[in-house]
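Structure assessment
Here is what each chain is made of, one letter per residue.
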Amino acid sequence: MPSNHPLHEKVTVALQNKHHLTVDPRWLDEFLATRGSNPPPLPAVVSTAQFRILASDITTSLSPSPQDALPSDVADVNVKGRRLSGTVIVQVLDVLDVGSSKWSQVEAIERVERGEEVRGREVIRTVDIMDDEDGSGRDPSASAVTRPPTATAPASRAIVSMPGRNISLGPHKLVVQDARGTKAVAFELDKIPKIGISISALASPPGPHGDASSRPSSQDDIGMFIGCKLVLKPGTIVRRGMIMLQPQTCFMLGGKVEAWDKKWKEVRKQKLNDIIQEEYDAAGNGTRTSR
C-alpha cells in the first residue's frame, strides 16, 4: 500500500541517490509518522533517516533488489571466483585483527581495563589521586605514572601508537550480513580507511574510581563499531566464499548498533582466549599424534 506522506518518495530517492540506501517502505512510513504533521525541511529529514538506518539492523530497515544483495550461495567455497553485480550494503557482525597475535590483543584489552594506554615505548597508567584518603600513602599530587614495556610484555603490535589515535593495523577478517540476512566472511585485502579496532572498541577504560562507564573514550580514536555499514560496489571480488575488500570497491558508511557493540566488547576477550586455547590444544594434539 503506497504511503500518503508527502515526503515519502523524496526521502526514498534522496537516501538511494546520496547514500546507496534502499529504504524499506514500511520502515520509512513508521519513521515519517514520528516527524509529525509539520516535518522539518527535507535535508534534515534525510539526514535523520540516514542516522537511524546506520544505527539499525538493516534486515528491518532496508529492502534492496536481488541484484543489490549478496548471492544466497556467496559462502560456497567451491565457487573459485565471482564478482558482485550490484551495490550491496552490509553490516559488520564481527571483526578480527589477523595481523596481530591473539595474545597481544588480549594484553591490549587488559591494559585498557587497567586504565593504561600505550604511547610510543611507554605505558601510561591513570591512577586515582583520591585514594590517599584510605591511608594507602599514595602521593595525591601524582596524576599518572609511566613505565617502559618489559622484555616479557612488549608494546603490542595490535595497537598503533599515533598522536591521539590508537587503532589496530590489520589486515582484518570480518563477518558481514546484507539486508536479506545473508552472511559472509570478508577479508581486508588492502587497507580500507576506517576499518580497524580502536581503543574505544577494545574495552571501556576504568573511571577515576574504577567505574568503567564514567570515563568516556577518546574522541580522536578512529575505527569501527559492530553494526557499522559498508558499501560493496559492483565488481567486488568473492573468492572461495570470501569477499575481498579493497579501497576501489569498498568504503565505510559508518554507524553502530549499540546493543551488538556492547555485547561484542563484553565477550571479545573471552573469545580470543578460547581461540588461543583451541590453537594450543590443536598444536598439542598434533605433536602427540606425530609421536
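As recorded in an unreviewed UniProt entry, the protein chain goes by RecQ-mediated genome instability protein 1 and comes from Exophiala spinifera.

**Focus on the packing of aromatic side chains**
Tallying each qualifying case throughout the model produces one aromatic pair. Summarising the aromatic geometry, the rings of W27 and F31 are spaced 5.7 Å apart at their centres and angled 5° between planes, so their arrangement reads as stacked. You can see W27 and its partner F31 sitting in helix α2 (residues 25–33), four residues apart, about one turn around the helix. Classification of W27 as buried rests on a relative accessible area of 15%. By relative accessible area, which is 4% here, F31 ends up buried.

**Some thoughts on the packing of helix α1 (residues 8–19) against helix α3 (residues 42–54)**
Relative orientation and spacing of two packed helices are given, respectively, by the angle between their axes and the distance between those axes. At their nearest, the axes of α1 and α3 sit 10 Å apart, and the two run at 65° to each other. Judged by the sense of rotation from one axis to the other, the crossing of α1 with α3 is right-handed. Counted together, K10, V11, A14, L15 and H19 of α1 and L42, V45, V46, A49, Q50 and I53 of α3 form the full contact between these two elements. The residue inventory of the contact of α1 with α3, partitioned by class, reads eight nonpolar, two polar and one charged.

**Describing the sheet that holds strand β12 (residues 242–245)**
Note on sheets: strands pair through backbone hydrogen bonds, and any given pair is parallel or antiparallel. Across the sheet, eight strands lie side by side as β1-β11-β12-β9-β8-β2-β10-β13; this open sheet has mixed pairing. Bordering the open sheet on either side are β1 (81–83) and β13 (250–254), each of which pairs with just one other strand. Each neighbouring strand pair of the sheet contributes to a mean axis angle of 35°, computed without reference to strand direction. Alignment of strand β8 (residues 172–178) against strand β9 (residues 183–188), held across five bridges, turns out to be antiparallel. Residue pairing in the sheet places L174 in a bridge with A186 of β9.

**Here we look at the nonpolar core**
Counting 25 residues, the largest nonpolar core has L70, L174, L232, I243 and L245 as the members making the most contacts within it. Elements supplying a minimum of two residues to this core: β2 (88–97), β8, β9, β10 (229–232), β12 and β13. Those residues in contact with L70 that lie beyond four places of it in its chain are L84, V88, V90, D178, T182, A184, L232 and I243. Counting 21 residues, the second largest nonpolar core, distinct from the first, contains A14, L15, L28 and V45.

**A look at the side chain of S100**
In this fold, S100 is placed in the loop between β2 and α5 (102–113). Relative accessible area serves as the criterion here: at 8%, S100 is assigned to the buried category. Within the local environment of S100, its side chain forms a polar contact with the side chain of D97, the two groups lying 2.9 Å apart.

**Focus: α5**
Taking 1.5 Å of rise per residue, twelve residues should cover 16 Å, and α5 covers 17 Å from first to last C-alpha, within 8% of that figure. All of the buried residues in α5 are S104, Q105, V106, E107, A108, I109, R111 and V112.

**Observations concerning the pairing of β13**
Within β13, four of the five residues are buried, which leaves the element mostly enclosed by the surrounding structure. In the sheet, β10 pairs with β13 via four bridges, with the strands oriented antiparallel. When the sheet's bridge partners are listed, V231 is paired in β13 with F251.

**Quick look at the pairing of β9**
The side-chain alternation of β9 yields one buried face, formed by A184, A186 and E188, and one unburied face, formed by K183, V185 and F187. From the end of β8 to the start of β9, which pair antiparallel, there are four residues, and G181 there has a positive phi angle of about 90°.

About the criteria used
Residues numbered from 1 in each chain as written. Predicted model: local features only at pLDDT ≥ 70, side-chain atom pairs only at ≥ 80, totals over all residues. Heavy atoms only, no water. Phe/Tyr/Trp six-rings, centres within 6.5 Å; stacked < 30°, edge-to-face > 60°. Helix = DSSP H or I, 4+ residues; strand = E, 2+ residues; numbered from the N terminus. Buried < 20%, exposed > 50% of the residue type's maximum accessible area, 1.4 Å probe, protein only. Axes fitted to C-alpha atoms, helices over the stretch in contact; angles between N-to-C directions. Left-handed = near helix turned anticlockwise from the far one by under 90°. Contact = heavy atoms within 4.5 Å. Nonpolar A, V, L, I, M, F, W, Y, C, P; charged D, E, K, R; others polar. Pairing = 2+ DSSP bridges. Core = buried A, V, L, I, M, F, W, Y, C linked by side-chain atoms within 4.5 Å. Polar contact = N/O pair within 3.5 Å; in protein donor to acceptor, adjacent residues only side chain to side chain. Expected span 1.5 Å × (residues − 1).

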